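# Understanding the architecture of this molecule
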Amino acid sequence: MRYINQSKPIKFSLLVGGKECRSIEDLKMVSDFNSLLESINNGNLAKWLKQINASDYLEKLDNPSFKDENVLKRNLALYNLFSSEPLLLDNIDNEGVISMLAKGIVTFSDLQNTDFATNFEIKKAAINYVDNVALNQMCESDLDFLRYYYQEKSHAPLNTLNARTLINEKIVTDDNLVREIATKHHLSDIVLDLLSRGVIDNDQFNQLCEKDLEFLRLYYEKNSYANLNETNSRRLIDAKIVTDDKEILAIASQKNLSDVMERYGQLTIKVGDTSFEMILVQGYEGGDFYIGKYPVTQAQWKAIMGDNPSHFQGDDLPVESVKWDQAKEFADKLILMTDKFFRLPEEKEWEYAAKGGNRSQGYKYSGSNVAHKVAWYDANSAGRTHPVGKKEPNELGIYDMSGNVWEWSNTTYEFASDEKVIRGGAYNNDCCLSSRDYKYNNFGLINLGFRLALSV
């Protein structure tokens with residue numbers, strides 16, 4: 001109801017279906033029956049009929065037939081009262097209900113708790129006259145009807161429950177359609193099955209994960225992170241799907257997420273195809289610094305120096321037979337190539353890092369009280385060096401600070417200006433944290449290598 005004008009007496013017009021009605025004839029031209037019902041229910045129709053002196057219609061509205069508890073009969077009576085084309089039915093049977101659905105006299109929800117609601121022919125006819133909510137309710141309660149609807153129409157209006165039923169009941173079997181439906185409705189388990197069967201390749205799956213965090217979460221729970229791209233690997237960490245520090249660092253290292261590694265105390269510096277992984281050591285009295293995660297390997301040495309002085313040959317083996325002067329030259333070349341101040345660690349820095357820094361557990365060896373867990377030494381090395389990083393790390397995530405090869409420091413031996421302190425022990429002797437020796441700067445041994453340090 002709304003004002004027509006401000007003159008007195010106040011006059012109203014009736015709005016039904018967005019159309020202004022000034023007379024019964026106007027009202028009968030309106031096809032929006034739901035809007036008419038709303039006007040009846042909120043009392044506006046009665047007020048309007050009284051205003052236009054349509055007492056005969058007011059009397060009819062008071063007729064018991066318009067207040068029948070049977071919604072089909074009541075709506076049909078109201079429709080016929082105000083329709084220019086009444087629907088004349090001797091009785092309300094299946095065909096009559098279909099006609100009422102077509103004209104909007106009833107909705108499918110009005111048929112609930114009646115035999116009409118389970119009638120397959122009425123359901124079929126109702127497809128064109130119901131909204132998506134009602135349609136999905138019909139499909140949820142009747143698998144045969146869901147099958148019929150999909151075959152006659154499509155899956156577009158179906159909700160997630162019905163979409164899953166289409167796939168689980170093998171109503172849809174074509175892999176491309178399954179993929180379309182599963183991705184639209186975020187059916188993560190079905191998408192993962194398609195991935196495992198090769199229907200979706202890694203690139204396609206990564207695109208899906210970038211759009212839907214749940215795909216990513218479920219994939220990680222079932223398959224870890226091996227096939228994820230850099231973007232999704234980063235999201236695993238940023239979305240806190242992965243919270244374990246060791247696994248975060250493993251992901252960041254494999255996917256080259258340098259900013260993440262730095263955030264967790266690791267720095268990777270690339271020189272061409274060669275990477276130098278550094279661990280942040282905090283709490284040292286002389287200030288924080290980085291130290292090599294591993295001793296310098298032969299592959300790293302060859303990439304920078306072009307030769308290989310080592311006795312035991314192997315890219316992943318620590319470089320050895322290196323003089324202190326050569327180790328310093330290696331660090332100096334890296335400074336020029338990276339603009340990072342690489343150097344050899346001072347003895348006290350080396351020892352602080354080897355003991356686990358501010359996370360130290362007070363172990364006898366670097367990372368354990370059991371030598372063979374963390375070190376290659378005379379009891380388990382078979383008289384040679386071994387690839388770096390194969391034993392357990394210490395508390396800071398640093399490898400091979402006990403055993404494998406002695407390591408040059410940048411500290412001059414207190415009793416000889418041309419000798420430098422070496423620490424850590426080697427494959428052919430003891431490897432306690434207290435192991436300490438010294439060698440001439442220009443002296444190289446097959447059990448003596450080094451690792452890098454870097455000022456923060």
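Presented here is an overview of the structure given in this document. Keep in mind that this is a model prediction, so the values were computed, not measured.

Moving on to the overall build of the protein chain. Scanning the protein chain from N- to C-terminus turns up 21 helices and 12 strands. At 41 Å, the protein chain has a C-alpha radius of gyration far larger than the 23 Å of a compact globule built from 456 residues. Its C-alpha atoms give the protein chain principal-axis dimensions of about 125 × 55 × 40 Å. Considering the protein chain as a whole, with its 456 residues, one finds that 46% of them fall into the buried category. When the accessible area of the protein chain is evaluated, it comes to approximately 23,200 Å², of which 45% is carbon and sulfur surface.

Where helix α12 (residues 188-196) meets helix α14 (residues 213-223), the axes come as close as 9 Å, and the angle between the chain directions of the two elements is 60°. When the axis of α12 is compared with that of α14, the two are oblique. As for the relative orientation of α12 and α14, their crossing is right-handed in sense. When α12 is examined against α14, the residues Ser188, Asp189, Val191, Leu192 and Leu195 are found in contact with a partner set consisting of Glu214, Phe215, Leu218, Tyr219, Lys222 and Asn223. Across the contact of α12 with α14, the residue classes break down as six nonpolar, two polar and three charged.

A few words on the pairing of strand β9 (residues 419-423). Taken across its five residues, β9 has five buried, putting it largely inside the fold. Alternating residues of β9 divide into Glu419, Val421 and Arg423 and Lys420 and Ile422, and every residue in both groups is buried. With three bridges joining them, strand β8 (residues 406-412) and β9 adopt antiparallel strand pairing. Bridging from a neighbouring strand, Thr412 pairs with Lys420 of β9.

Locating Arg423 in the fold gives a position in strand β9. Sequence spacing of Arg423 and Glu351 is 72 residues, and the spatial spacing of their C-alpha atoms is 8.1 Å. Reaching out from Arg423, the side chain makes a polar contact with the backbone oxygen of Ser435 at a distance of 3.0 Å.

Turning to its location among the elements, Glu85 is positioned in the loop between α5 (71-82) and α6 (94-103). Look at Glu85 and you get exposed, because its relative accessible area is 56%. When the C-alpha atoms of Glu85 and Met29 are compared, they prove to be 9.4 Å apart, with 56 residues separating the residues in sequence.

Scanning the entire structure with this criterion turns up 17 aromatic pairs. Here the guanidinium or amino end of Lys391 rests over the ring plane of Trp376, the centre of that ring lying 4.3 Å away.

The four strands are arranged β10-β9-β8-β11 in an open sheet whose pairing can be described as mixed. Since the sheet does not close on itself, it has two edges, and those belong to β10 (436-440) and β11 (448-449), each with one partner. As defined by bridge partners, β8 adjoins β11 across two bridges and the pair is classed as parallel. Following the sheet pairing, Glu407 is matched in β11 by Gly449. Set on the sheet, helix α20 (residues 347-354) makes contact with β8, β9 and β10; between it and β9 the angle comes to about 0°.

Turning our attention to α20. Given 3.6 residues to a turn, an α-helix orients residues that are three or four positions apart in the same direction. Looking only at α20, the buried set comprises Glu347, Glu349, Trp350, Ala353 and Ala354. The buried side chains of α20 occupy one side of the element, clustering within an arc of 165° when seen end-on. Considering only its buried residues, α20 is in contact with β5 (274-281), β6 (289-292), β7 (342-343), β8, β9 and β10. Just downstream of α20 lies Gly356, where phi reads positive at about 100°.

Okay, the side chain of Lys123 next. For Lys123, the position within the fold is in helix α7 (residues 120-126). The class for Lys123 is buried, based on a relative accessible area of 4%. At a separation of 2.9 Å, a polar atom in the side chain of Lys123 contacts the side chain of Asp142. Leave out the neighbours within four places in its chain, and Lys123 touches Phe108, Ala117, Thr118, Met138, Ser141, Asp142 and Phe145.

Here the focus is the pattern of salt bridges. Inspection of the entire model under this criterion finds 20 salt bridges. Across the pair Arg451 and Glu407 runs a salt bridge whose closest N-O atoms are separated by 2.7 Å. Within this pair, whereas Arg451 is found in the loop between β11 and β12 (453-455), its partner Glu407 is found in strand β8, the two being separated by 44 residues in sequence. As far as the burial class goes, Arg451 and Glu407 line up, both buried.

Two strands pair when backbone bridges link them, and strand β4 (residues 266-271) and β5 are joined in this way by six bridges, in the antiparallel orientation. Its bridge partner being in β5, Lys270 is matched across the sheet by Ser275. The turn joining β4 and β5, which pair antiparallel and follow one another in sequence, is formed by two residues; a positive phi near 65° is taken by Gly272.

So, about the sheet that holds β4. Read across the sheet, five strands follow the order β4-β5-β6-β12-β7 without closing on themselves; strand pairing throughout is antiparallel. If you trace the sheet from one side to the other, it starts and ends with β4 and β7, each paired once. Two strands pair when backbone bridges link them, and β5 and β6 are joined in this way by four bridges, in the antiparallel orientation. Bridge pairing links Val281 to Phe289 in β6.

In terms of nonpolar packing, the biggest core is built from 82 residues, with Leu27, Leu45, Leu49, Phe82, Leu111, Phe205 and Leu236 touching the most fellow members. In terms of residues, this core owes the most to one element, α5, which gives seven residues. Among all residues touching Leu111, those that are not within four sequence positions of it are Leu72, Val97, Leu101, Phe116, Ala117 and Ile122. Core analysis: the second largest hydrophobic core is formed by 28 residues, Ala327, Ile422, Leu448 and Phe450 among them.

The rules we used
- Along each chain, residue indices are assigned from 1 in the same order as the chain's sequence is written.
- For a predicted model such as this one, the threshold for reporting local features is a pLDDT of at least 70, and the threshold for listing and counting side-chain atom pairs is 80 or more; totals across whole chains, interfaces and linings nevertheless cover every residue.
- Calculated side-chain values reflect all of the structure's heavy atoms, with hydrogen atoms and water omitted.
- What counts as a helix is a DSSP run of H or I of at least four residues, what counts as a strand is a run of E of at least two, and both are numbered from the N terminus.
- Computation of the radius of gyration draws on C-alpha atoms alone. For the globule rule, the value is 2.2 Å times the number of residues to the power 0.38.
- For each residue, the accessible area found with a 1.4 Å probe, counting protein chains only, is set against the maximum for its type, and the residue is called buried under 20%, exposed over 50%, and partly exposed in between.
- To measure how exposed things are, a 1.4 Å probe is used in the Shrake-Rupley method; for residues, cover is taken only from the protein chains shown.
- Angles here are taken between N-to-C directions and fall from 0 to 180 degrees, while the axes themselves are lines fitted to C-alpha atoms, restricted in helices to the stretch in contact.
- The cut-offs work like this: below 35 degrees is roughly parallel, past 145 is roughly antiparallel, 65 to 115 is roughly perpendicular, and the gaps in between are oblique.
- Each helix crossing is assigned a hand: it is left-handed if the near helix lies turned anticlockwise from the far helix by less than a right angle, otherwise right-handed if that turn is clockwise.
- Whether two residues are in contact is decided by their heavy atoms: any pair within 4.5 Å suffices.
- Each residue gets one of three labels, nonpolar for Ala, Val, Leu, Ile, Met, Phe, Trp, Tyr, Cys and Pro, charged for Asp, Glu, Lys and Arg, and polar for the others, Gly among them.
- Two strands qualify as a pair provided DSSP detects at least 2 bridges between them.
- Think of a polar contact as two N or O atoms within 3.5 Å of one another; within protein, one of them needs to be a possible hydrogen donor and the other a possible acceptor, and neighboring residues in sequence only count if both atoms come from side chains.
- Pairing of aromatic side chains here covers Phe, Tyr and the six-membered ring of Trp, requires ring centres within 6.5 Å, and sorts the geometry by plane angle: under 30 degrees stacked, over 60 edge-to-face, intermediate tilted.
- Any Lys NZ or Arg CZ that is within 6 Å of a ring centre and within 35 degrees of that ring's normal is treated as a charge sitting over the ring.
- The arc under discussion is defined with respect to the helix axis, by the directions toward the C-beta atoms.
- We define a salt bridge as a contact between a side-chain nitrogen of Lys or Arg and a carboxyl oxygen of Asp or Glu at a distance within 4 Å.
- Residues grouped as a nonpolar core are buried Ala, Val, Leu, Ile, Met, Phe, Trp, Tyr and Cys residues, joined through side-chain atoms within 4.5 Å.

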